[in-house]
Amino acid sequence: MTSQTAEKPARRSRVTLAIAIAIVVVLAILFFVFSTLYTEILWYDQLGFLSVLTTQWLAGGVMFLVGFVAMAVPVWASIEIAFRWRPVYAKLNSQLDRYQQVIEPLRRLATFGVPAVLGLFAGVATASRWQLTLQYLNRTAFGQTDPQFGLDISFYIYDLPFWRGAVGFASAVVIVAGLAAIATSYLYGAIRFSQREVRISKIARIQMAVTATIYLLLQAVSIWLDQFATLANSSGLITGASYADVNATIPGLQILAGIAVLVAVLFIVAAVIGRWRLPIIGTALLIVSALILGSLAPWVVQRFQVDPSERTLEQEFIQRNIDMTRDAYGVADVEETPYEATTTAEPGALRNDAATTANIRILDPALVTKSFQQLQQFRQYYQFPDHLDVDRYDIDGQVQDAVVTVRDIDIDALGSSATWYNQTVVYTHGYGVVAAFGNQRSGDGQPVFIESGIPSVGQLGDFEPRIYFGENSPAYSIVGGPEGSDQIELDYPSGEDGASQTYTTFEGNGGPKLDNIFKRLVYALKFQSEQIFLSDAVNDDSQILYDRDPAERVSKVAPYLTIDSDPYPSVVDGKVVWVVDGYTTSANYPYSRVQSLSSSIADTYTPTPAYPVDDINYIRNSVKATVDAYDGSVTLYAWDENDPLLQTWQKIYPSTVKPISDMSGELMSHVRYPADLFKVQRSILGQYHVTDAGSFYSQEDAWTTPNDPTSSSTSPTLQPPYYLTLQMPTQDDPSYSLYSTFIPATQQSAESSRNVLTGYLAVDANAGSTDGEKSGDYGKLRLLTLPKDDTIPGPGQVQNSFSSDPAVSSALNLLRQGESQVISGNLLTLPVGGGLLYVQPVYVQSRGETSFPLLQKVLVSFGNKIAFENTLDGALDSLFGGDSGANAGDENVIPTDDTGGGGTSEIPTDGGTTDPGTGTTDPGTGTTDPGTSTPAPILTGDAALTQALADAQQALADRDAALKAADWTAYGEADARLKEAVDRAIAASQ
């Protein structure tokens, strides 16, 4: 007795302890959740976008309650009705009796618990649909109707997705409630199985019939809505309703909706008269009708009516697809111009394109990163991105294309100094902008900087150089301090050779303040670092900076935007700001072709996604955003104020987007046409440049983007578009532009396409420099269509000509055999001189660890000729008969090495070889003059390099001849001469 008495307090103690532990665990979890939510509030509030967060939370919360109630209440009511109206004296079998005995003690809990659990799942599902619901409630008309039903486009963007979602959710609720009612009725005897007979009580019958009626009425609505969804279906040939859809599928869906309503009425009749025969027959009729009207009839129309005359019958619907697709992607107004490109490089041909040639960018932003690192990094804790950006600046009254980047902090490079203190409160920011002329190089091949050094010096004026917010900033930093306190943030290395350090204290408003113990505690939990709570470096004036990537910041304050993959820095109004493009998109635009956004923008600089899930068929560059690199402030500007999607979101988030009139002229001068949008549009125009339905059907003129000729042959990538200042044939003056080229498309892949040019697409990327006013030509798409009966070499052919040309390849191979490697830069294409000019910079880099590429040569091609010189200006003159008629931006470059102004060759690409006496080819014979065995010389102004290359070529030929003759003595002698000549050539080109 005593032991039992003692065990009871022990059990009570264990239970009490377990309860206490459970309470502590629950409170800890709740505190972690609260801290996460609270830090979000602090972040948004500091940035001035708290209404964005509260709108999301409020909308999500309301949608959760709607989903919870919409599921839980019908399920509870269904269970309650089935239980309360159960047969009191129903005779059950022994098995059901045992089930009742088990369930009865838990019945009340189950009556409320099951609906509650189902309601939680439903609430979570509906909460995720808050954006769709808010768009529907704040929808804005497009002012344009679809060609089939005559409804405003907004119906397909907002109304149709909302109502289809609502009907689908309601159908799920009815099914779950019906199953709960059937289970309850069976358990309590309202539904009984007796041999072959099924007995159903009157109340259960009525409940089941009413449930079935509601479900069928919902299906009728769903089927009715399905007819509108055909306008976004893809049949392979086109997107949208085809002939078979319009003449079979849509009428069939309308009839099926009527049949579903009729069968619903039959279930009501069954509830009244107690007979199920009519609704069962009606249900069977509905199923058979669905098979006939939904599948068989459209197949018959397609197979026996459309297929024999497809081009004729589908013409109207193909035209709808063409028109609506071009409108949805913003390419309806593309200016298409036939371009009879000449292939003859006449002297003075570039005289009318002097402004374009003076701005040809010979600096490759993807290759000069190492040059920037070696020349401008200064310390291991700074870094530059792998791919630099292209911008333009007014230098001495002339707008210059520039390759730009910021010098960001790299705390991963601190090595043994990577303590929490250093990483968080000392190394907090990068420093300065580095910019170089896009069209210039120094004598030894280095970039010519517009802005450089620490502290920053150059021609970009005075600006705040500190980069606290960048694409590679640390996860978080703690900055700021009381006025007059010691400065602990490393600003930049100073003194002679950077021997000393300069320190600073952040003075902006860049992040939430850590002005009390509670905030420090929640951020210590957020970043899982007790140092935030304990460190004496954290004080009441400290701020914590996080979520610092410009694209991420814009995405958080404008969650409805799709963010461009390439934010870029610019010096604007005395500050470094990141310019970020934002898109409004939809996948519900009627008759518009659907494509994956991430797949469309994939190229050499943008990786191809493994599983693209971002289908779109409508896109607008609706917002331009800026992120201050010093304090992280985000400003959104309504760039496309006429976009209905943006107008809808402005109703949802009022006062978060500023009008375009608030943009300064200096900011306008750095805004550009975004590359991602251009890549999507070029993908569409590859097929949809054809506006005639008949030609579109036959696919006789489909184009594709060529592969990047400098990418790997084993895994080629598409050539990216390039920013250049150029003058299209239809323009009066040059303009900052973005361009791309087209080659014929095949059913296989771009690799198997004929690499000849079929089109040249450019867009005016210059927004002007007037406060709040776009340039009239900004966004103007211009498409040059090349003649089909002439062969204009594409990028792949030109690159192959560069590589296979005897003189050029010999010179490059000699460099590769030494301690240097030759790197081909971006291959640019320009419509100048009445034809198409190709320009490719050639970089030479030694194989040492601290080496960087130097721009040493420039390859150019026009028609069937190429030239290879030290400067672009020299190459153009060489290409166009000694005088191109225009000067390039590097015409004043005086090489500091022994390469002089030469090192070029002018070789046609029509299959001929070089005459050893003149350096030109006889295209008629395509062979070398048999009277001499001397290889084709390279025309050069430097005798040492010329002689070394000639000797090397001769030695290489002698060595090959000796190898064939098995004369090993001669082979060894020729090999020695080859090595000696290579050494001399390398020495002459250093």
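What this report covers is the structure whose coordinates are included nearby. (Residues numbered from 1 in each chain as written. Predicted model: local features only at pLDDT ≥ 70, side-chain atom pairs only at ≥ 80, totals over all residues. Heavy atoms only, no water.)

1. Some thoughts on the side chain of Ser861
Thought 1: Looking at where Ser861 falls in the secondary structure, it is placed in strand β33 (residues 854–862).
Thought 2: Note on Ser861: relative accessible area 3%, which makes it buried.
Thought 3: For Ser861, the side chain forms a polar contact with the main-chain oxygen of Lys865, separated by 3.2 Å.
Thought 4: Once residues within four sequence positions are removed from consideration, Ser861 is found in contact with Val798, Phe802, Leu836, Leu837, Tyr838, Ile866 and Leu879. (Helix = DSSP H or I, 4+ residues; strand = E, 2+ residues; numbered from the N terminus. Buried < 20%, exposed > 50% of the residue type's maximum accessible area, 1.4 Å probe, protein only. Polar contact = N/O pair within 3.5 Å; in protein donor to acceptor, adjacent residues only side chain to side chain. Contact = heavy atoms within 4.5 Å.)

2. Considering empty space enclosed by the protein
Thought 1: All told, the structure shown has six cavities of 30 Å³ or more when counted by the stated rule.
Thought 2: Together, Ala341, Thr342, Thr343, Ile792, Pro793, Leu836, Tyr838, Ser861, Phe862 and Gly863 line the second largest cavity.
Thought 3: Of the residues that constitute the lining of the second largest cavity, the class distribution is six nonpolar, four polar and no charged. (1 Å grid on protein atoms, 1.4 Å probe; cavity = no way out; pocket = protein on both sides within 12 Å on 5 of 7 lines; lining within 4 Å. Points joined across faces, edges and corners; volume = space filled by probe spheres on them. Nonpolar A, V, L, I, M, F, W, Y, C, P; charged D, E, K, R; others polar.)

3. Comments concerning the packing of helix α8 (residues 243–273) against helix α9 (residues 277–306)
Thought 1: Two elements in contact, α8 and α9, have axes separated by 9 Å at closest approach and are oriented at 175°. With respect to α9, the axis of α8 lies roughly antiparallel.
Thought 2: Of the residues contributing to the contact of α8 with α9, the split by class is 20 nonpolar, seven polar and no charged. (Axes fitted to C-alpha atoms, helices over the stretch in contact; angles between N-to-C directions. Parallel < 35°, antiparallel > 145°, perpendicular 65-115°, else oblique.)

4. A short note on the pattern of salt bridges
Once the charged atoms of two side chains with opposite charge are near each other, the side chains can pair.
Thought 1: Counted under the stated rule, the structure contains 18 salt bridges.
Thought 2: In this structure, the salt-bridge partner of Lys575 is Asp628, at a minimum N-O distance of 3.7 Å. In this pair, Lys575 sits in strand β19 (residues 575–586) while Asp628 sits in strand β22 (residues 618–628), placing the two residues 53 residues apart along the sequence.
Thought 3: Of the residues examined, Lys575 reaches a relative accessible area of 37% and is grouped as partly exposed.
Thought 4: Looking at Asp628, the relative accessible area reads 6%, which means it is buried.
Thought 5: In the salt-bridge network here, residues are joined through shared partners; they are Glu40, Asp547 and Lys556. (Salt bridge = Lys/Arg side-chain N within 4 Å of Asp/Glu carboxyl O.)

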